[in-house]
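These are the residues of each chain, in order.
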Amino acid sequence: MIKLNNPYAKLEGYNCFGCAPENEEGLKLTFYEDGEEIVTEWQPTKQYEGFYQVLHGGIQATLMDEIANWVVVVKTNTSGMTIEMTTQYHKPVMIEDGHPVTIRARLTEKNRKKAHIHAQIFNFAGDLCSEGKVVYYLFPPQVAAKKLYYPGRDAFYEK
């Protein structure tokens, strides 16, 4: 696996809920490239609880949406925005066991304007807990660079 850089962390005022390292309320996700997949591990805590000892479903959806964005910026060489997301919850993600979850996502389809991403959350035992299908609108690279500060694919890799 290759650890990915977060080039946005250098932007003044950057505060992404999903991946900003300085956002005190955020998830502080870091990402890795594993072949065709983007992967992260994250430790659920009580502040993200829904039902007692269970990770809130909205946080699970957020985890899948965030990793889908990283698939887009690394695998499509542009940036975009979520235009559609469907989620399926198969098994509760328990907070009480103290183990991290693994989130994996991959590009399943791409055309000039859209990227389709399949994201999954697994518990420590490797059980599939939830999955999402995320559709991203893809900005033309020039627009992504100018309006969304997209630094180009190479900025996500160590030099």
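Please refer to the structure placed before this passage.
Because the structure is a prediction, the values reported are computed rather than measured.

1. Here's the deal with the pattern of salt bridges
For side chains of opposite charge, pairing can occur when their charged atoms come near one another. Taken as a whole, this structure holds six salt bridges when the rule is applied. In this structure, the salt-bridge partner of arginine 104 is glutamate 37, at a minimum N-O distance of 2.9 Å. With arginine 104 in strand β5 (residues 101-110) and glutamate 37 in strand β3 (residues 37-42), this pair connects stretches of sequence that are 67 residues apart. For the pair arginine 104 and glutamate 37, a shared accessibility class is recorded, and that class is buried.

2. Quick word on the layout of surface pockets
Empty space among the atoms becomes apparent when a probe as large as a water molecule is rolled across them. The space that makes up the largest pocket amounts to roughly 230 Å³. Contributing to the lining of the largest pocket are 17 residues, with Tyr8, Asn69, Ser79, Gly80 and Leu148 lying nearest its centre. Mapped onto the lining of the largest pocket, the elements with two or more residues apiece are α1 (57-75) and β4 (80-89). Of all the elements, α1 adds the most residues to the lining of the largest pocket, at four residues. In terms of residue class, the lining of the largest pocket is made up of 12 nonpolar, four polar and one charged.

3. Remarks on the sheet that holds strand β2 (residues 32-34)
The seven strands lie next to each other as β1-β2-β3-β5-β6-β7-β4, forming an open sheet whose pairing is antiparallel. Single-partner strands in this sheet number two, and they are β1 (2-3) and β4. Judged from the three bridges that link them, β2 and β3 form a sheet pairing that is antiparallel. Pairing of glutamate 33 across the sheet is with isoleucine 38, part of β3.

4. A word on the nonpolar core
Formed by 40 residues in total, the largest nonpolar core has its most connected members in Trp42, Leu63, Ile117 and Phe156. Taken together, the elements giving at least two residues each to this core come down to β3, α1, β5, β6 (114-122) and β7 (128-138). Take this core: its biggest share by element is 10 residues, from α1. If we skip the residues at most four places from it in the chain, phenylalanine 156 touches Lys3, Leu4, Asn5, Pro7, Tyr8, Trp70, Val73, Val74, Tyr150 and Pro151.

So, how was this worked out
- Throughout, a residue's number is its position along its own chain's written sequence, starting from 1.
- Per-residue local features are limited, in this predicted model, to residues with pLDDT of at least 70; the limit for side-chain atom pairs, both in listing and counting, is 80 or more; totals at the level of whole chains, interfaces and linings are taken over all residues.
- The basis for every side-chain value is the complete set of heavy atoms in the structure, and neither hydrogens nor water enter the calculation.
- What counts as a salt bridge is simple: a side-chain nitrogen of Lys or Arg found within 4 Å of a carboxyl oxygen of Asp or Glu.
- Note on conventions: DSSP H or I runs of at least 4 residues are helices, E runs of at least 2 residues are strands, and numbering of each starts at the N terminus.
- Partly exposed describes any residue whose relative accessible area lies between the buried limit of under 20% and the exposed limit of over 50%, with all areas from a 1.4 Å probe on protein chains only and scaled to the type maximum.
- Only protein atoms enter the calculation, which uses a 1 Å grid: trapped sets of points that fit a 1.4 Å probe without letting it out are cavities, open sets showing protein on both sides within 12 Å along at least five of seven lines are pockets, and any residue with an atom within 4 Å of a point is a lining residue.
- Grid points are joined across faces, edges and corners, and a volume is the space filled by probe spheres set on the points.
- Each residue is assigned to one of three groups, with Ala, Val, Leu, Ile, Met, Phe, Trp, Tyr, Cys and Pro labelled nonpolar, Asp, Glu, Lys and Arg labelled charged, and all others, Gly among them, labelled polar.
- A pair of strands is treated as paired once DSSP finds two or more bridges between them.
- In plain words, nonpolar cores are sets of buried Ala, Val, Leu, Ile, Met, Phe, Trp, Tyr and Cys residues tied together by side-chain atoms within 4.5 Å.
- Contacts are assigned to residue pairs with any non-hydrogen atoms lying within 4.5 Å of each other.

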